[in-house]
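# Understanding the architecture of this molecule
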Amino acid sequence: MIKINIQKKFVTRSTKSIKLNYQCEIPIEQTSSLFGESGAGKTTLLKMLSGLLTPDVGNITVNGQIWFDSEKKINLPIVARSLGFLFQDSSLLANMNVRQNLEFAFRKGNEDKQFLNELITFAEIEDLLDKRIEGLSGGQKQRIALVRTLVQKPKFLFLDEPFSSLDQRIRNQLYSMILSLQNRFAMTILLISHEITEVIKLSKRVFLISEGQIVSSGHPIEIFNPKGKPNSLEGEVIRVDPSTNQVALWFPNALAIMESKNKNQNFKLGEMIHTQLSIENEEV
Ligand SMILES: Nc1ncnc2c1ncn2[C@@H]1O[C@H](COP(=O)(O)OP(=O)(O)OP(=O)(O)O)[C@@H](O)[C@H]1O
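Residues numbered from 1 in each chain as written. Predicted model: local features only at pLDDT ≥ 70, side-chain atom pairs only at ≥ 80, totals over all residues. Heavy atoms only, no water.

## Quick notes on unusual backbone geometry
One non-glycine residue, Glu124, lies in the positive phi region at around 55 degrees. With relative accessibility at 59%, the residue Glu124 sits in the exposed group. The phi dihedral of Glu161 falls on the positive side, at around 45 degrees, and the residue is not glycine. Counting through the fold element by element, Glu161 comes out in the loop between β8 (156-160) and α5 (168-185). (Buried < 20%, exposed > 50% of the residue type's maximum accessible area, 1.4 Å probe, protein only. Helix = DSSP H or I, 4+ residues; strand = E, 2+ residues; numbered from the N terminus.)

## Examining the packing of helix α3 (residues 113-122) against α5
Running from N to C, α3 and α5 point in directions that differ by 145 degrees, and their axes come no closer than 12 Å. Judged by residue contacts, Phe115, Glu118, Leu119 and Phe122 of α3 engage Met177, Ser180, Leu181, Arg184 and Phe185 from α5. Here the contact of α3 with α5 is composed, by residue class, of 6 nonpolar, 1 polar and 2 charged. (Axes fitted to C-alpha atoms, helices over the stretch in contact; angles between N-to-C directions. Contact = heavy atoms within 4.5 Å. Nonpolar A, V, L, I, M, F, W, Y, C, P; charged D, E, K, R; others polar.)

## Here we look at helix α4 (residues 138-150)
Its 13 residues place the ends of α4 18 Å apart at the C-alpha level, agreeing with the 18 Å of an ideal helix rising 1.5 Å per residue. Among all positions of α4, only Gly139, Gln142, Arg143, Ile144, Ala145, Leu146, Val147, Arg148, Thr149 and Leu150 are buried. Along its buried surface, α4 packs onto β7 (83-87), α2 (98-104), α3, β8 and α5. (Expected span 1.5 Å × (residues − 1).)

## Re the pairing of strand β11 (residues 213-218)
Looking at chain direction, strand β10 (residues 205-210) and β11 are connected through 5 bridges and run antiparallel. The residue bridging Phe207 from the neighbouring strand is Ser217, located in β11. Where β10 folds back on β11, the antiparallel hairpin that results is connected by 2 residues, among which Glu211 adopts a positive phi of roughly 45 degrees. (Pairing = 2+ DSSP bridges.)

## Quick word on the environment of Leu53
For Leu53, the location among the structural elements is in the loop between α1 (42-50) and β4 (57-62). Dropping the residues within four chain positions of it, Leu53 is found in contact with Lys8, Phe10, Thr44, Lys47 and Met48.

## Section: the site of the ligand
Residues in contact with the ligand, as listed here, are Phe10, Thr12, Ile18, Glu37, Ser38, Gly39, Ala40, Gly41, Lys42, Thr43, Thr44 and His194. Within the backbone of Ala40, one N or O atom sits 3.1 Å away from an oxygen atom of the ligand. Note that an oxygen atom of the ligand is positioned 2.5 Å from one of the side-chain N or O atoms of Thr44. Compared with its free state, where it exposes 630 Å², the ligand has 63% of that area covered by protein. In terms of residue count, the dominant contributor to the shell around the ligand is α1 (3 residues). Of the residues contributing to the shell around the ligand, the split by class is 3 nonpolar, 7 polar and 2 charged. (Near = heavy atom within 4 Å. Polar contact = N/O pair within 3.5 Å; in protein donor to acceptor, adjacent residues only side chain to side chain. Areas by Shrake-Rupley, 256 points an atom, 1.4 Å probe, with all protein chains shown as cover.)

Okay, here's the thing in structure tokens:
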């Protein structure tokens, strides 16, 4: 269990000071998501957990090990926290090919080539190994960046909107990869995402953040659809685009844009409709 009780204050010239205050317990060896509006404080929490940003006061304990404690003056360095990161734009080294990029991530004295080969097979990137970075698609780059992160065998994987610039087909491939990764290596994954379907597909628990605080947490279905049935969400139609067959649905805490499989279905604004959600597809 990751136990968090931390506070941070940002003082800026242009706005009044911003206070962030987080108390929560995040389960380990599963995927949890941080969800909330832009500026709610998701990235700041992830930064403080990773050691990139120091809280003003409080403590972070991970399975009984103190990562941060302002009173005891403990602040575990980033390298000692066994973390891997994946952001929206992976910064791969353009002057190297894919294999060189991956081997670059080896820690000195810990070059586990067998593990790397296992990851390469797992991510299905064998055909890309000799290719240069420039010619790769966004989805291929993200798969490589993910493998590069995993080479270091992190126990915790922090994903900050890693799929937001990718199209749905590539996203689905990466979702499957994350899910099997979670199963295979029992990692603790923390995902920041604005996409309700992504959060539901990938995480077992969601922490809803608003104005620098965790305002609720629970299973995604519980959070987004408190009265709903499992695998079913009820949302209000707030926009319909017949040209693309897309509908925008508003759930208790979030917005989702979905594609209707039924071209002849006439949605009415304000109508409440059910969506079925599963790993492979989402259907309206
Ligand atoms: N270094 C900083 N100095 C001053 N204010 C900051 C700093 N970092 C973050 N903030 C402020 O803290 C609040 C939370 O920011 P944060 O980046 O954590 O939000 P977020 O939920 O990740 O947003 P987004 O979804 O847009 O990335 C925002 O109001 C932001 O402007």
